Amino acid sequence: MSLPRHQDPIVALATAPGRGAVGIVRVSGRGLVALTQALSGRSLKPREATYTPFLDAAGVAIDHGLAIYFPGPHSFTGEDVLELQAHGGPVVLQLLLARCLQAAAEIGTNGDERLPHLRVALPGEFSERAFLNNKIDLAQAEAIADLIDASTEAAARSATRSLSGVFSQEIHNLRDALIHLRMLVEATLDFPEEEIDFLRQADAHGQLSKLQRTLSDVLARARQGALLREGIKVVIAGQPNAGKSSLLNALAGAELAIVTAVPGTTRDKVQQTIQIEGVPVHVIDTAGLRDSSDEVEQIGIARAWEAIGEADAVLFLHDLTRINAPEYIAADADIKRAMAQKLPKNVPVIGLWNKADAVPAGVPDMGLVLSAKTGLGLDALRHRLLQVAGWQSVAEGVFIARARHVQALNQVQTHLASAQCHLEAKAQALDLLAEELRLAQNALSEITGEFTSDDLLGVIFSSFCIGK
């Protein structure tokens, strides 16, 4: 699995671009002792922060800060790691980065063959090396990026659980139970002449059923974790002046979109991410849907339909003050037909009736009635959105997960269902049973990276930030 580039020592800024109190330059590779001496002018005690000048080629200090040396394999990457913690000015950090590359080249000129190839790290390459050197598995590596990108507290806590190995342990437990069942089936295949029925004696049916129940529980929590990571995209749609921008502002708790009584005020998409019980909800306000001769408004309406086509759920907003106007009713019907044609059948369209504050008491039962102006009905809408997303209030035990994890677990579920059919058949097809169990194990191993491809690793780690 290791590529030639994995042998090169690497260096990168490990903190975000821009000014800050502290900035970190990180180096990873084999044999960094000479580099630590060149940069600090002294030997560093392992895993001990040392206040030292960071020296340029002439021995003049670029900056003063903390240097920490982690000899491999007791480091994040499993290689020697050097961290230079300096003042967080962009120029200072670029000088330190350039000095690391220069010093490595000088050391190579003096006969050390390990450092001349020091290069700037690719995105995610530090985490990739930690994975390749068995410091973390693939699910834990992905959790690092998910923790950094977490947009809600619940997502951050779930990512921390995955990073600590909770999700991986669930997968390992499933794999171990699957391997044990495979062993029984293989034993029956290898010794068909034996009188002992290995499968019946070991309760293979019971083991497979227990495995399927455990898988269902892990899959349910993985789906919740994927929802915490990705959230759902919700588009607010409807005719002009239905209150779409007011609804966005009410949900976000801020004046994000301009609200006026002039039809067609919203000309382009306005997006804001909110959280409901820790679930990220990406709410998109769109231009009012109608026939228009205004060229700019036409572009906004086209973008509105584009957003509707990409939505996980659509909030179709109606105006209670115009429910008896024939033209308004006809236009709503046209929009509803158009949505039915453009949207996949699994995308829900939630009908909302706005401006309850502007109509007399006793509004007819029309579903979700609300007032974006007063906040009436917003809690019911939030609850409905969580239902649509499939969220269950189980904060404890949820680990962050990705779409590929859920897909792999779905594959395992399919293979185990086929295995059960072969096991329960009158003429047991044990060779087919064994094959389904093998495929299920491979799908599980893809999650933790025990069975994966370099192409998949490239896709995963390329999405990381540089320095991680």
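Because the structure is a prediction, the values reported are computed rather than measured. (Residues numbered from 1 in each chain as written. Predicted model: local features only at pLDDT ≥ 70, side-chain atom pairs only at ≥ 80, totals over all residues. Heavy atoms only, no water.)

(A) Main features of the overall build of the protein chain. Along its length, the protein chain carries 15 helices and twelve strands. By residue count, 46% of the 468 residues in the protein chain fall in the buried class. For the protein chain, restricting intrachain contacts to residue pairs at least 6 apart in sequence, the fraction spanning at least 24 positions comes to 68%. (Helix = DSSP H or I, 4+ residues; strand = E, 2+ residues; numbered from the N terminus. Buried < 20%, exposed > 50% of the residue type's maximum accessible area, 1.4 Å probe, protein only. Contact = heavy atoms within 4.5 Å.)

(B) Quick peek at the environment of Asp80. The topology assignment puts Asp80 in strand β5 (residues 80–88). Considered as a pair, Asp80 and Leu32 are 48 residues apart in the sequence and their alpha carbons are 6.2 Å apart. When sequence neighbours within four positions are dropped, the list of residues in contact with Asp80 reads Val27, Ser28, Gly29, Arg30, Gly31, Leu32, Tyr69, Phe70, Pro71 and Gly72. Within the structure, Asp80 has its side chain in polar contact with the backbone nitrogen of Gly31 (distance 3.1 Å). A polar side-chain atom of Asp80 sits 2.7 Å from the main-chain amide nitrogen of Gly72. (Polar contact = N/O pair within 3.5 Å; in protein donor to acceptor, adjacent residues only side chain to side chain.)

(C) Quick look at unusual backbone geometry. A cis geometry characterises the amide bond from Gly72 onward to Pro73, with omega recorded as 5°. Of note, the phi angle at Asn134 is positive, near 60°, even though the residue is not glycine. On the secondary structure map, Asn134 appears in the loop between α3 (125–132) and α4 (138–149). Non-glycine residue Glu277 carries a positive phi angle of around 55°. One can find Glu277 in the loop between β8 (270–276) and β9 (279–285).

(D) Spotlight on the pairing of strand β2 (residues 20–29). With seven of ten residues buried, β2 lies mostly within the body of the structure. One ladder, built from four bridges, connects strand β1 (residues 10–13) with β2; its direction is antiparallel. Its bridge partner being in β2, Ala12 is matched across the sheet by Arg26. In this structure, the hairpin formed by β1 and β2 is closed by a connection of six residues, where Gly18 is found at a positive phi of approximately 110°. Note that β2 and β5 share nine bridges and pair antiparallel. Note that in β5 the partner of Ser28 across the bridge is Val81. (Pairing = 2+ DSSP bridges.)

(E) Summary view of the packing of helix α13 (residues 403–424) against helix α14 (residues 430–448). One way to put it is that α13 packs onto α14 with a least axis distance of 8 Å and a crossing angle of 165°. Taken together, the axes of α13 and α14 lie roughly antiparallel to each other. In this structure, α13 crosses over α14, and the sense of that crossing is left-handed. Between α13, through Arg404, His405, Ala408, Leu409, Gln411, Val412, His415, Leu416, Ser418, Ala419, His422 and Leu423, and α14, the contact on the second element is made entirely by Leu432, Leu433, Glu436, Leu437, Leu439, Ala440, Ala443, Leu444, Glu446 and Ile447. In the contact of α13 with α14, the residues fall into 14 nonpolar, five polar and three charged. (Axes fitted to C-alpha atoms, helices over the stretch in contact; angles between N-to-C directions. Parallel < 35°, antiparallel > 145°, perpendicular 65-115°, else oblique. Left-handed = near helix turned anticlockwise from the far one by under 90°. Nonpolar A, V, L, I, M, F, W, Y, C, P; charged D, E, K, R; others polar.)

(F) Fine view of the packing of aromatic side chains. Inspection of every chain in the model, using the stated rule, returns one aromatic pair. Measuring from ring centre to ring centre gives 4.5 Å for Phe167 and Phe399, while their planes differ by 20°; the resulting arrangement is stacked. Separated by 232 residues along the polypeptide, Phe167 in helix α6 (residues 166–190) and Phe399 in the loop between α12 (378–389) and α13 bring together distant segments of the chain. Note on Phe399: relative accessible area 0%, which makes it buried. Its guanidinium or amino end placed over the ring of Phe126, Arg26 lies 5.5 Å from that ring's centre, counting from NZ or CZ. Directly above the aromatic system of Trp305 lies the positively charged group of Lys342, at a separation of 5.4 Å from the ring centroid. (Phe/Tyr/Trp six-rings, centres within 6.5 Å; stacked < 30°, edge-to-face > 60°. Lys NZ or Arg CZ within 6 Å of the ring centre and 35° of its normal.)

(G) Broad picture of the pattern of salt bridges. Within the structure shown, the criterion is met by 24 salt bridges. Of the charged contacts, one joins Glu83 and Arg26 as a salt bridge, the two residues approaching to 3.1 Å between their closest N and O atoms. With Glu83 in strand β5 and Arg26 in strand β2, this pair connects stretches of sequence that are 57 residues apart. Across the pair, Arg26 and Glu83 agree in class, each one buried. (Salt bridge = Lys/Arg side-chain N within 4 Å of Asp/Glu carboxyl O.)

(H) Just the nonpolar core, in detail. In terms of nonpolar packing, the biggest core is built from 34 residues, with Leu409, Leu416 and Leu437 touching the most fellow members. Of all the secondary structure elements, the ones that give two or more residues to this core are α6, α8 (204–230), α13 and α14. With residues up to four places along the chain from it excluded, the contact list for Leu409 reads Ile171, Leu215, Val218, Leu219, Ala222, Leu444 and Ile447. Leu227, Ile274, Leu370 and Leu385 belong to the second largest nonpolar core, which has 33 residues in total. (Core = buried A, V, L, I, M, F, W, Y, C linked by side-chain atoms within 4.5 Å.)

(I) Structural view of the sheet that holds strand β4 (residues 61–70). Pairing is mixed in the open sheet, where six strands are placed in the order β3-β4-β5-β2-β1-β6. Where the open sheet ends on each side, the last strands, each with one partner, are β3 (50–55) and β6 (119–120). Here β1 runs beside β6; their pairing, made up of two bridges, is parallel. By the bridge assignment for β6, Ile10 is matched with Arg119. Against the sheet, helix α1 (residues 33–40) makes contact with β2, β3, β4 and β5, and its axis sits at roughly 80° relative to β3, the strand it touches most. Sitting on the sheet, α3 is in contact with β1, β2 and β6, with an inclination near 135° to β1.

Note that all results are geometric; they support no functional claim without further evidence.
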